[in-house]
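What follows is each chain in one-letter form.
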Amino acid sequence: MTREALTTETAPPVTRALCCHCKRWTYAAVEVGYIERASGPGVVLWGCPSHAMAMIPRPMPGELERGA
């Protein structure tokens, strides 16, 4: 964590997401993967902290592009 993160006036945005493993809502969501779609933007997969470490890693945005 940086000094600026601790001393700024604004708080970081709260990320609330559905865990793709247990299907429960969590406020401490961890990005565990990304699914690229042919039409429209891709979909980010989120996991709760207890399941995120046990999940198989998936590609993140930009890792599937050619030349990356």
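For the structure, check the block above.
Residues numbered from 1 in each chain as written. Predicted model: local features only at pLDDT ≥ 70, side-chain atom pairs only at ≥ 80, totals over all residues. Heavy atoms only, no water.

Visitor: Sorry if this is basic, but what is going on with the environment of Cys 22 here?
Guide: Relative to the helices and strands, Cys 22 resides in the loop between strand 1 (17-18) and strand 2 (25-26). The exposure class assigned to Cys 22 is partly exposed, which follows from its relative accessible area of 26%. Each C-alpha atom of the pair Cys 22 and His 51 lies 7.9 Å from the other, and the pair is 29 residues apart in sequence. In this structure Cys 22 touches Cys 48 and His 51, once residues within four positions along its chain are discounted. (Helix = DSSP H or I, 4+ residues; strand = E, 2+ residues; numbered from the N terminus. Buried < 20%, exposed > 50% of the residue type's maximum accessible area, 1.4 Å probe, protein only. Contact = heavy atoms within 4.5 Å.)

Visitor: Explain the packing of aromatic side chains here, please?
Guide: What characterises a pair of aromatic rings is the spacing of the ring centres plus the angle enclosed by the ring planes. With the rule as written, the count across this model stands at 0 aromatic pairs. Sitting above the plane of the Trp 25 ring, Arg 16 keeps its charged end 4.4 Å from the centroid. (Phe/Tyr/Trp six-rings, centres within 6.5 Å; stacked < 30°, edge-to-face > 60°. Lys NZ or Arg CZ within 6 Å of the ring centre and 35° of its normal.)

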